[in-house]
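Close look at the chain arrangement
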Number of protein chains: 2
Amino acid sequence: MQDKLTLMIPGPTPVPETVLKAMGRHPIGHRSGEFQAIVRRTTEQLKWLHQTSSDVLVITGSGTAAMEAGMINTLSRGDKVLCGDNGKFGERWVKVARAYGLEVNVVTAEWGQPLDPEAFRTALEADTEKQIKAVVLTHSETSTGVINDLETIARYVKAHGTALTIADCVTSLGASNVPMDAWGLDVVASGSQKGYMLPPGLSFVAMSDRAWAAYATSDLPKFYLDLGPYRKTAAKDSNPFTPAVNLYFGLEAALDMMQKEGLEAIFARHERHRAAAQAGMEAIGLPLFAATGHGSPAITAVAPEGLDAELLRKTVKEKFDILLAGGQDHLKGKVFRIGHLGYVCDRDVLTAVSAIEATLHSLGLHKGTMGAGVAATSAALG
Amino acid sequence: MQDKLTLMIPGPTPVPETVLKAMGRHPIGHRSGEFQAIVRRTTEQLKWLHQTSSDVLVITGSGTAAMEAGMINTLSRGDKVLCGDNGKFGERWVKVARAYGLEVNVVTAEWGQPLDPEAFRTALEADTEKQIKAVVLTHSETSTGVINDLETIARYVKAHGTALTIADCVTSLGASNVPMDAWGLDVVASGSQKGYMLPPGLSFVAMSDRAWAAYATSDLPKFYLDLGPYRKTAAKDSNPFTPAVNLYFGLEAALDMMQKEGLEAIFARHERHRAAAQAGMEAIGLPLFAATGHGSPAITAVAPEGLDAELLRKTVKEKFDILLAGGQDHLKGKVFRIGHLGYVCDRDVLTAVSAIEATLHSLGLHKGTMGAGVAATSAALG
């Protein structure tokens, strides 16, 4: 039905009317006092969201731009980095590192499995000559619905003494606890179309003092993604290049909403939705793709056996106007993913499970008791 | 007065209600068929605007991102480039080239003067060993209101035989004729908050076949700005990274409006506004900053003598809610700039001149006959 589509993909995520309305204003001059006030306010809000006193800088671009910026501003030609790769995004940071001529060692895990923190510890402890300049990893791996144990890995990096932790928190920030300072993260990258409840177009990179110290000697070439000018202009509540002004209007409104809800409530809501989506899928006999206990609060990946995940996904869209995400790369047709990230309430999760259950039933593929999924989801929502 | 501000700066420029409304929709999935249809349609529209059959790619970022992409995708380490520098943006491309370790020769002209095409011809003809890989220049220099003779310079580059023409058309495209194919331009970079009548956040880079041939051997490191994946996904009506979906909605609406108006009418309108703004300023005794005959159809820079340009600019804003641009860098306080780029009608130009004239009068600084500016502007508008 026209304009009825509900997004339950891991980005773009649904956007509140308040935010859309804020974005619908006429643009203002990006060098005006009025815009500086917005930059000042959102910078404080972003620090709150990142639980940090470090700089949080805003780049007009996608989450990949923010993550690349974090890497190329803290590393130098030939530096050795340790990358975690257990999905499409982990894979991507390996590619970025190689594109800039870094020496990449990779800690891998199968898609669906979490990265093993002990593999990082072993590699870091073996590096007695302190050759490893950074550990790069994805917190919530959007392609598989796995959340990696960033806290423990960051602790091992700290014990190493010199390496930085560069974390892709694109689908974890605003969904899951990412206390940048408490965990000692050096770079945290994220994107607007995720937990921020905004359309895509802005990305964010937070940099610790240690990251800035590395910036001072970084020799990788960059201009648009050179964070130095971003920091310098941020100190004057401004930006080095014309920013996406209307998305900034939305950012202020969205962060307002998040502050009213509170970090603890936001994390509890995402955790409840993870549990509810998982319970619903298990109750209707659809196996979870992420290893038990490692499901992301942002997204639940489901690997139905004996049926085409794409057929299920398309039928849910046609019948119920709910957009689920498909599997990426080799998981296409084998996995579908329920995004429950950002502006998602209990009703949305209950509805998604109901629609999946009803679709299975209509396709003659529901194997258990009809309603079992909704019952389990409802119970998990409490 | 609240929300009454009219933008007459060279970006962000005013945005039509139709475009704001289009942007106010809920985002849709960027991998959906519905979004692919928008990418397909806007790609055709962008080719129309660029008067080209080459690829026009869309990057979420500022105009600088597009220009940097054009340079780093066609050049390699140590390449010699000839950069034109007669203002803040010319200066910027020299910085980008140096940031990537290119060997930069610079053709300069004083701020306010156009680049001399003969200086390019001489340098290119002297390059018998074909060491110059590209000529990089700004078409409409936003900082000074000068339009450079891109057509002639591009002809000299063509005569060189191997160098590419990489043109910053950020404030010329959609205001002035930029027939990419007819002029033989290899890279054309632009940004959404200018002639496109959109808020900032999208940028555009068009690449000729010769530019793509250079891409094949380019060895400068890049990932987010690597145009290869943009081209590959554009062939499937898609994007390599999550694009600013809501700005795409606006892009389609804005290009629709531009197609209805027609290229010739758009160029004639901007030319009329240039003439009208110039006539108005001269009639009230405010000298133009750009050399006679070289004023940009996008922006008129004015260098008032014996009065503080910032005082005038601020008073116009306070009294009449019109935002003019100030001078950049060493021109601050010496120059103000009237943006007449994008969604600007005759009324806007008449109003701006009236407001400047009335402000001068109220400050006791109007030296001629009150109303002379409006009269001259009105006559030039026809």
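Below, the structure is looked at part by part. Everything quoted here is computed from the prediction, not taken from an experiment.

Here we look at the overall build of chain A
From N to C terminus, chain A includes 14 helices and 13 strands. In terms of overall dimensions, chain A has C-alpha extents of about 60 × 55 × 35 Å along its principal axes. Evaluated residue by residue, chain A yields a buried proportion of 56% over its 382 residues. A sequence separation of at least 24 residues applies to 71% of the contacts in chain A between residues at least 6 apart.

What to know about the sheet that holds strand β1 (residues 6-8) of chain A
All names here are of chain A. Spatial strand order, β1-β12-β13-β11: four strands in an open sheet with mixed pairing. The open sheet has two edge strands, β1 and β11 (299-302), and neither has a second partner. Geometrically, the sheet is characterised by an average inter-axis angle of 35 degrees between neighbouring strands, direction not taken into account. Note: β1 against strand β12 (residues 322-326), three bridges, orientation parallel. Bridged to M8 within β12 is L324. In the packing of helix α13 (residues 346-362) onto the sheet, contacts are made with β1, β12 and β13 (336-339), and the angle to β1 comes to roughly 90 degrees.

Things to note about the interface of chain B and chain A
Listed as interface residues are 44 residues of chain B and, on the opposing side, 43 residues of chain A. The class makeup of the residues in the side of chain B that touches chain A is 27 nonpolar, 14 polar and three charged.

Structural notes on the environment of A:P243
Structurally, the position occupied by A:P243 is in the loop between α9 (227-234) and α10 (245-261). Between the C-alpha atom of A:P243 and that of A:L102, which follows or precedes it by 141 residues, the distance is 30 Å. With residues near it in sequence (within four places) discarded, A:P243 still touches A:H30, A:V58, A:T60, A:Y248 and B:P200.

So, how was this worked out
- Residues numbered from 1 in each chain as written.
- Chains lettered and ligands numbered in written order.
- Predicted model: local features only at pLDDT ≥ 70, side-chain atom pairs only at ≥ 80, totals over all residues.
- Helix = DSSP H or I, 4+ residues; strand = E, 2+ residues; numbered from the N terminus.
- Buried ≥ 20, exposed ≤ 12 C-beta atoms within 10 Å, placed from the backbone.
- Contact = placed C-beta atoms within 7 Å.
- Pairing = 2+ DSSP bridges.
- Axes fitted to C-alpha atoms, helices over the stretch in contact; angles between N-to-C directions.
- Nonpolar A, V, L, I, M, F, W, Y, C, P; charged D, E, K, R; others polar.

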